[in-house]
Amino acid sequence: MLYTIPDYYKDFSCIAKACEDTCCAGWQIVIDEKSKKRYAKAALGPDKKIARKLRQCVNWREGVFRQDTEKRCAFLKEDNLCRLYQMAGKDSLCKTCKMYPRHVEEFEGVREISLSLSCPEVARIILGKKEPVHFLNYEKPGEE
């Protein structure tokens, strides 16, 4: 498979609570099936604090995180940090939360990996570039 990424891709790192916005508000965060099963198991597990919070914060039927009246994720704290991440670590995040603002498109043996301009830190990196963007290509044998 051929991979294509912009040269600025590795410059990105989430700035978390230093960000002037949050990616955890204003849209429903969809939970992938694998994570949903993990959450369901943890919601019945021995860690009562995490179990209770998962039961409160996941809309199981819709497969999304619940939101408050301001459309903020139920796990999002006032300081814009994720309570689930803080309680259970980065491996507890669903695919959507792990990936954003990274974006992957795949077609005919090519996987294009990019960053979304809807993230303020990505926008700062891209719009602050003085040189033209270059795309890096590399090949990994086989399919993934």
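What you see is a predicted model, and the numbers here were worked out from it, not measured in a lab.

### A look at the overall build of the protein
Part 1: Each helix and strand counted, the protein has 5 helices and 6 strands in total.
Part 2: Listing every helix and strand of the protein by position from the N terminus yields β-α-α-β-β-α-α-β-β-α-β.
Part 3: Reported as C-alpha extents along the three principal axes, the dimensions of the protein are approximately 50 × 40 × 25 Å.
Part 4: A separation threshold of at least 6 residues defines the contact pool for the protein, and within that pool the share at least 24 residues apart is 64%.
Part 5: Summed over its atoms, the accessible surface of the protein is roughly 9,800 Å², and 53% of this surface lies on carbon and sulfur atoms.
Part 6: If the 27 positive side-chain charges of the protein are averaged to one point and the 22 negative ones to another, these points end up 10 Å apart.

### Observations concerning the side chain of Lys-53
Part 1: Within the secondary structure, Lys-53 is located in helix H2 (residues 48-57).
Part 2: At 10 Å, Asp-68 is the nearest oppositely charged side chain to Lys-53, a buried residue that forms no salt bridge.

### Quick look at the packing of helix H1 (residues 33-43) against H2
Part 1: Interaxial distance between H1 and H2 falls to 8 Å at its minimum, and their mutual angle equals 125 degrees. The angle between the axes of H1 and H2 places the two elements in the oblique class. Crossing geometry of H1 relative to H2 is assigned as left-handed. Here H1 contributes Tyr-39, Ala-42 and Ala-43 to the contact with H2, which in turn contributes Ala-51, Leu-54 and Arg-55.
Part 2: Looking at side-chain class alone, the contact of H1 with H2 contains 5 nonpolar, no polar and 1 charged residues.

### Some remarks on the state of the cysteines
Part 1: Under the definition given, this model contains 0 disulfides.
Part 2: You can see Cys-57 has no disulfide; the closest cysteine sulfur is in Cys-73, sitting 6.9 Å from it.
Part 3: The exposure class assigned to Cys-57 is buried, which follows from its relative accessible area of 3%.
Part 4: Note on Cys-73: relative accessible area 9%, which makes it buried.

### Structural notes on the pattern of salt bridges
Part 1: Following the criterion strictly, the structure yields 5 salt bridges and no others.
Part 2: Lys-129 is the salt-bridge partner of Asp-7, the closest N and O atoms lying 3.6 Å from each other. Of the two residues, Asp-7 is situated in the loop between strand E1 (2-6) and H1 and Lys-129 in the loop between helix H5 (120-127) and strand E6 (135-139); the sequence distance between them amounts to 122 residues.
Part 3: We note a salt bridge from Lys-129 to Glu-131, for which the minimum N-O separation is 3.7 Å.
Part 4: Overall, the relative accessible area of 22% leaves Lys-129 in the partly exposed class.
Part 5: Linked by salt bridges that have partners in common, Asp-7, Lys-129 and Glu-131 make up one network.

Parameters at a glance
- Residues numbered from 1 in each chain as written.
- Predicted model: local features only at pLDDT ≥ 70, side-chain atom pairs only at ≥ 80, totals over all residues.
- Heavy atoms only, no water.
- Helix = DSSP H or I, 4+ residues; strand = E, 2+ residues; numbered from the N terminus.
- Contact = heavy atoms within 4.5 Å.
- Areas by Shrake-Rupley, 256 points an atom, 1.4 Å probe, with all protein chains shown as cover.
- Lys, Arg positive; Asp, Glu negative; His and termini not counted.
- Charge placed at Lys NZ, Arg CZ, Asp CG, Glu CD.
- Buried < 20%, exposed > 50% of the residue type's maximum accessible area, 1.4 Å probe, protein only.
- Salt bridge = Lys/Arg side-chain N within 4 Å of Asp/Glu carboxyl O.
- Axes fitted to C-alpha atoms, helices over the stretch in contact; angles between N-to-C directions.
- Parallel < 35°, antiparallel > 145°, perpendicular 65-115°, else oblique.
- Left-handed = near helix turned anticlockwise from the far one by under 90°.
- Nonpolar A, V, L, I, M, F, W, Y, C, P; charged D, E, K, R; others polar.
- Disulfide = S-S within 2.5 Å.

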